[in-house]
Amino acid sequence: MNSSTAVGRRSGRSCYHFGTVFDKGEARANSMKVPVWNPAVEFLEREALERLQLANLRKTVAWALKTPFYRRRLAEVGLHRPEDIASLRDLRDIPYTTKEDLRESYPRGLLAVDLEQVVRLHTSSGTTGMPTVIHHTQADLDAWTELVARCIVATGASRRDVFQNMTNYGLFTGGLGLHYGAERVGMLVIPASSGNTSRQVQLMRHFQTSVVHATPSYLLHLHSALMDEDTDTSPPSLRKAFIGAEPHSEETRRKIETLFEIEAYNSYGLSEMNGPGVAFECLYKTGLHLWEDAYLLEVIDPDSLRPCAEEETGEIVLTTLQRQATPLLRYRTRDLSHLVGGHCPCGRSHRRLARIKGRSDDMLIVNGVNVFPSQIEEALMKAPEVGTNYLIQVEKRGALDRLAVKTEVHAALFAGDARVLSDLRERIAERIRAAVLVKPSIELHEPGSLPVSEGKARRVLDLRPAF
Ligand code: AMP
Ligand code: ZN
């Protein structure tokens, strides 16, 4: 039975449905109206969803076997053909894939298609400067766009909205990922990219922006900028924000909602899994629906690697189910969360993740940018003047994160011209910026003046409030 109504601004592809499009067993949602992009998939019964997952897992294994990396990896566990996967449980025999694996396969060891079929690549930062690369075919980009369109419509946003995308366009996936999804929905997209706050405000006011996408810290920063203006109000057209790319608390969400008088929805994604569009909150904000036709979800204990029970916090492990050019099997995201039990009132069958609680590795997220302490150390140690002891400190300055690196340098430097020290500070800051894309402030200290820890050195001090 399909009793949905398309309510798009333009005719053509019927795109928004108000969710009375359910197979049997969906009576719980029939009484309410939820906006839906792809009802056939979003309300798929679990049994049918699992059949689809199994078929897609086999396809994914077939693609993976085309890469030198997985041919070797899968042969080690006796997996030579996609048919060797008899059920979804067989996934557990497949070894995990890590960020290190991606790094070691740089640049094309994980490419499963001919280069002529690749139309784009994205990279994200790696632990020691070597990025991880994800290649996409046109079909991969279309599938990604479809997922993002689902997320956008699930929040109640539609082609009537003006969407200002305040995240970085380029190798980072937040810009282009949301961009194409929003265009697919038919929104009017303003590709503002990140930064330049006064221009962001001007664009919002001139074009009546109604939906924005930004990191939560940037939105809070934007709000202070708005308050500094003479008009002292946030743009009245604004009604929704998609917030993600960095850990944040429920309190931060509420603060954004209250300050701007809008609804804010949590968006989770990572470049290894395309970027945004992996999991998103719907209108009900009861957790982030993870698109299970596109990603096979596991939550494991990061130490023992055993599967976690529902509601038990562990590391999210994801397998791509639709990606041709860079299939990834059991990718350890290092993000910590848990599965939310029960059903969402929206009626979608795709399970929900609780907001991300943190990471199981030492990666820091500074204003939405991933930073590994080892990258900073590497950049720091390239300066011959630098001693052995250093400290990386992250704190809040207003709404934004501030990265500071304190390092000991040779004593002789303090006896000479002050300009030598300021030049060195600038050189180190630039070198770190080139490595991690965030420019830190640098403090230079005399040898022996930074605290020395007994036992394992404590190199990172994260002073931001717990979220
Ligand atoms: P990137 O690969 O640069 O897109 O960074 C992805 C990482 O950002 C994820 O693995 C998470 O650690 C973090 N992240 C993305 N979205 C969220 C979110 N909504 N909440 C918390 N952390 C997030
Ligand atoms: Zn829902």
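Scroll up to find the structure.
Quick summary incoming for the structure in this document. Along each chain, residue indices are assigned from 1 in the same order as the chain's sequence is written. Whichever chain is written first becomes A and whichever ligand is written first becomes 1, with later ones labelled in order. The predicted origin of the model limits local features to residues at a pLDDT of at least 70 and limits the giving and counting of side-chain atom pairs to 80 or more, whereas totals for whole chains, interfaces and linings rest on all residues. Calculation of side-chain values draws on the structure's entire complement of heavy atoms; hydrogens and water are dropped beforehand.

**Examining the packing of aromatic side chains**
Filter applied, for reference: Geometry of aromatic contacts follows a simple scheme: Phe, Tyr and Trp rings, the Trp one being its six-membered ring, pair when their centres are within 6.5 Å, and the pair is stacked under 30 degrees between planes, edge-to-face over 60, tilted otherwise. Put simply, DSSP H or I for four residues or longer makes a helix, DSSP E for two residues or longer makes a strand, and each gets a number counted from the N terminus. Partly exposed residues are those whose accessible area sits between 20% and 50% of the maximum for their type, while under 20% is buried and over 50% is exposed, using a 1.4 Å probe and protein chains only. Criterion for a charge above a ring: Arg CZ or Lys NZ at most 6 Å from the ring centre, at most 35 degrees from the ring normal.
Across all of its chains, the model carries three aromatic pairs by this definition. Note on Phe 163 and Phe 242: the rings are 5.9 Å apart at their centroids and 40 degrees apart in plane angle, and the pair reads as tilted. Of this pair, Phe 163 sits in strand S5 (residues 162-165) while Phe 242 sits in strand S8 (residues 240-244); the two residues are 79 residues apart in sequence, bridging distant segments of the chain. Between Phe 242 and Phe 280 the ring centres are 5.3 Å apart and the planes differ by 75 degrees, which places this aromatic pair in the edge-to-face class. A residue pair is termed long-range when its members are at least 10 positions apart, and Phe 242 in strand S8 and Phe 280 in strand S10 (residues 275-281) qualify at 38 residues. One exposure class covers both Phe 242 and Phe 280, and it is buried. One aromatic cluster is present, built from ring pairs that chain together Phe 163, Phe 242 and Phe 280. Note that Arg 150 overlies the ring of Trp 291, its terminal NZ or CZ placed 5.0 Å from the centroid. Here the guanidinium or amino end of Lys 285 rests over the ring plane of Tyr 265, the centre of that ring lying 5.2 Å away.

**Looking at the pattern of salt bridges**
Side chains bearing opposite charge may pair, as long as their charged atoms lie close to each other. Note the following rule: Whenever Lys or Arg places a side-chain nitrogen within 4 Å of a carboxyl oxygen from Asp or Glu, that contact is recorded as a salt bridge.
Evaluated as defined, the whole model comprises 35 salt bridges. Between Arg 332 and Glu 315 there is a salt bridge whose closest N-O contact spans 2.8 Å. Highlighted residues: Arg 332 in strand S14 (residues 331-337) and Glu 315 in strand S13 (residues 314-320), separated in sequence by 17 residues. You can call Arg 332 buried: its relative accessible area is 10%.

**Some remarks on the coordination of the zinc ion (ligand 2)**
Let me state the cut-off plainly: In this description, a donor is an N, O or S atom within 2.8 Å of the metal centre, a cutoff extended to 3.2 Å for sodium, potassium and calcium. Water is not part of the atom list, which can make sites seem incomplete.
Distances from the zinc ion (ligand 2) to its protein donors, Cys 282 (SG), His 289 (NE2), Cys 344 (SG) and Cys 346 (SG), fall at 2.1 to 2.3 Å. Exposure remark for Cys 282: the relative accessible area of 1% places this residue in the buried category. According to the relative accessible area criterion, Cys 344 is buried, its value standing at 2%.

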